[in-house]
Amino acid sequence: MKGDEITRSFGIRYHGGVAVIVHVADIERLISHHADIDLRWGEVRFSITTHDAGRKLTEADFDLARRIDAIAQAHMAEPLDS
Ligand SMILES: C[C@H](O)[C@H](O)[C@H]1CNC2=NC(N)=NC(=O)C2=N1
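Attention here is on the structure that accompanies the text. (Residues numbered from 1 in each chain as written. Predicted model: local features only at pLDDT ≥ 70, side-chain atom pairs only at ≥ 80, totals over all residues. Heavy atoms only, no water.)

1. Brief notes about helix α2 (residues 59-74)
No. 1: With 16 residues, α2 extends 23 Å between its outermost C-alpha atoms, agreeing within 8% with the 22 Å of an ideal straight helix rising 1.5 Å per residue.
No. 2: Of the residues making up α2, those classed as buried are Asp-61, Leu-64, Ala-65, Ile-68, Ile-71 and Ala-72. Projected down its long axis, α2 shows its buried positions confined to an angular sector of 125 degrees, all on one face. Of the residues in α2, the exposed ones pointing more than 90 degrees away from the buried face are Gln-73 and Ala-74.
No. 3: The inward-facing, buried residues of α2 abut β1 (6-11), α1 (14-31) and β3 (43-48).
No. 4: Just downstream of α2 lies Met-76, where phi reads positive at about 60 degrees. (Helix = DSSP H or I, 4+ residues; strand = E, 2+ residues; numbered from the N terminus. Expected span 1.5 Å × (residues − 1). Buried < 20%, exposed > 50% of the residue type's maximum accessible area, 1.4 Å probe, protein only. Arc of directions from axis to C-beta. Contact = heavy atoms within 4.5 Å.)

The following block contains the structure:
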């Protein structure tokens, strides 16, 4: 079941993407909301949905997305349109 999700990719060197993920994972633990994370050469992608709501979008998803945007910017990761 696909459901609703919000997704954003960032351009960053692979090991920098690892650092972004470690930082995001720390915040996810604090807010008890977790993204699906896809790390590739030159890119890291985050997809967010609320599993407890049956893979529907809730405010928790947009809150986490804003926090990921701030962390990615702090690591100088480049938002990609894809
Ligand atoms: C108990 C714990 O807070 C819940 O299981 C949280 C954990 N992280 C979560 N993350 C996401 N993406 N969706 C959820 O419904 C969810 N629920």
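2. So, the pairing of strand β2 (residues 36-40)
No. 1: Looking at chain direction, β2 and β3 are connected through five bridges and run antiparallel. Its bridge partner being in β3, Asp-36 is matched across the sheet by Ser-47.
No. 2: With antiparallel pairing between neighbouring strands as the criterion, β2 and β3 make up a hairpin whose turn holds two residues, including Gly-42 at a positive phi of roughly 85 degrees. (Pairing = 2+ DSSP bridges.)

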